[in-house]
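# Coordinates in review
As a plain string of letters, each chain reads:
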Amino acid sequence: MIYFRLFFNFFTTGLFAVGGGLATLPFLSDMAERTGWFTYHQLMDILAISESTPGAIGVNMSTYVGFITGGHPLLGALAGTAGLVAPSIIIILIVAKILEKFRNSPYVQYAFHGLKPASIGLIAAAGWSVFKIVALHTDMLGRGSLIDLFNMKSIILGVIIFLLMMKFKKIHPAAFIGISAVVGIVFSFAQ
Amino acid sequence: MRKYWDLFIVFLKIGSLTFGGGYAMLPIIQREIVEDKGWATDEEIVEYYAIGQCTPGAIAVNTSTFVGYRIAGTFGGIIATIGFVLPAFVIICIIAGVLQNFADLAIVKNAFAGIRVCACVLIINAIIKMWKSSINDFFSLIIFIAAFFITVVFSISPVIPVLVAAGLGLAGGIILRRRNSPYEKIFANRNDTENTDEKTDVLPEEGDQDK
């Protein structure tokens, strides 16, 4: 049955893809080859859509693939999404229960003392990779003047948002996201 | 019941506002869970997040389950995850059904280019807020710098630096503990506040779970 196969395929993806949404990509391209549910070209489109919609990228891809794969689209989407998310829920609930028990153990505290700065380092690295896309025209590297290298529109918007965020701490991030989307459309940021 | 509903609504919000994958979720979680609801501290969020990074699955889903569990037990973990996934599920189904060229539309590209600027600033802001609670001595500063550069330069899976750092923290703790270093004092202070928190927050929830 297609729903069961969808669930199973995405369950294994969720189980073995460690390290966030993009880690599911190799599993999905393998799935494309094995099952023929979608082509590699489609996968790239699905990735683009998953990155430009809210939510976790891996989960969005599983919903999309489930939707287009066959049977009733909604049931397919449900099977794919549930498959990808189920291992996370099971593993995290187990880890959380164990951790709760040993929370005050000095060894757990020591491990966290290393874990937390590393985690923030990774977040900073992710921030850096977004920053590169946002602020630099990497294709202009080595061509034109230095100023062409920087995406001035984005940098100006970024600085303004940052200053507003520092000044008005009460404003919800959603407001800034909405404003940025509008500014992006009005000043055609994608060009 | 009220708590489950609150949890569901909060994660529905977080799920609709997380643009660009798990990393963009952090600032929204901070606002909703730490600042508005007071369900967890910045420090706890970093812990859940760190675990989400080195366990299988999407980081955002792992973090949702973890936060939900800590706030309202097993059922809370499930509710939070469903809340987080639901907005994306609906949006993706609509796009897959009627708007397959969604990502190619000029308006979407422009809007998303703008949102990406905001996501970047939000991440920077989240790091500034997290900094105090997690990077409080020379050791953690070195780990932060190393994890950042290793990930940027070698683009490896985040699991490796996270696990190595946990090992180093453990080793450092065991070695330094014998000398009664400041390292130990940080934890001593922290344990005190943790304990009082758990008495008021977590224990009643556990009682509910047993029934």
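Data block above holds the structure.
Described in the following lines is the structure provided in the data block. (Residues numbered from 1 in each chain as written. Chains lettered and ligands numbered in written order. Predicted model: local features only at pLDDT ≥ 70, side-chain atom pairs only at ≥ 80, totals over all residues. Heavy atoms only, no water.)

Right, let's get into the packing of aromatic side chains. The full count for this structure, using the stated rule, is eight aromatic pairs over all chains. Pairing Tyr4(B) with Phe75(B) gives two aromatic rings, centres 4.9 Å apart and planes at 85°, and the pair type is edge-to-face. With Tyr4(B) in helix H1 (residues 2-17) and Phe75(B) in helix H4 (residues 59-98), the pair connects residues that are 71 residues apart, well separated along the chain. Among the residues examined, Tyr4(B) registers a relative accessible area of 16% and is labelled buried. The exposure class assigned to Phe75(B) is partly exposed, which follows from its relative accessible area of 41%. Relative to Phe66(B), the ring of Tyr48(B) lies with its centre 4.8 Å away and its plane at 20°, an arrangement referred to as stacked. Of this pair, Tyr48(B) sits in helix H3 (residues 42-54) while Phe66(B) is found in helix H4, placing the two residues 18 residues apart along the sequence. The same class applies to Tyr48(B) as to Phe66(B), namely buried. Sitting over the ring of Phe168(A), Lys167(A) keeps its end group 5.6 Å from the ring centre. (Phe/Tyr/Trp six-rings, centres within 6.5 Å; stacked < 30°, edge-to-face > 60°. Helix = DSSP H or I, 4+ residues; strand = E, 2+ residues; numbered from the N terminus. Buried < 20%, exposed > 50% of the residue type's maximum accessible area, 1.4 Å probe, protein only. Lys NZ or Arg CZ within 6 Å of the ring centre and 35° of its normal.)

With that out of the way, let us pick up empty space enclosed by the protein. All names here are of chain B. All told, the structure shown has one cavity of 30 Å³ or more when counted by the stated rule. A volume near 50 Å³ is recorded for the largest cavity. Within the residue set of the lining of the largest cavity, elements represented by two or more residues are helix H2 (25-36) and helix H5 (106-134). Take the lining of the largest cavity: its biggest share by element is three residues, from H5. For the lining of the largest cavity, the residue count by class is nine nonpolar, no polar and no charged. (1 Å grid on protein atoms, 1.4 Å probe; cavity = no way out; pocket = protein on both sides within 12 Å on 5 of 7 lines; lining within 4 Å. Points joined across faces, edges and corners; volume = space filled by probe spheres on them. Nonpolar A, V, L, I, M, F, W, Y, C, P; charged D, E, K, R; others polar.)

As a further point, take the interface of chain B and chain A. At the interface, 106 residues of chain B touch 87 residues of chain A. Contact with chain A buries surface across chain B, with Arg31(B), Tyr69(B) and Ile92(B) losing the most and accounting together for 8% of the total. Counting the contacts that link chain B with chain A gives three salt bridges. Between Lys116(A) and Glu43(B) there is a salt bridge whose closest N-O contact spans 2.8 Å. Connecting chain B to chain A are 17 residue pairs in polar contact (both at pLDDT 80 or more). Elements with a minimum of two residues in the side of chain B that touches chain A: H1, H2, H3, H4, H5, helix H6 (138-154), helix H7 (159-177) and helix H8 (182-210) of chain B. Broken down by element, the side of chain B that touches chain A gets its largest block of residues, 23 residues, from H5(B). Across the side of chain B that touches chain A, the residue classes tally to 64 nonpolar, 27 polar and 15 charged. (Contact = heavy atoms within 4.5 Å. Buried area = accessible area lost by both parts, 1.4 Å probe. Salt bridge = Lys/Arg side-chain N within 4 Å of Asp/Glu carboxyl O. Polar contact = N/O pair within 3.5 Å; in protein donor to acceptor, adjacent residues only side chain to side chain.)

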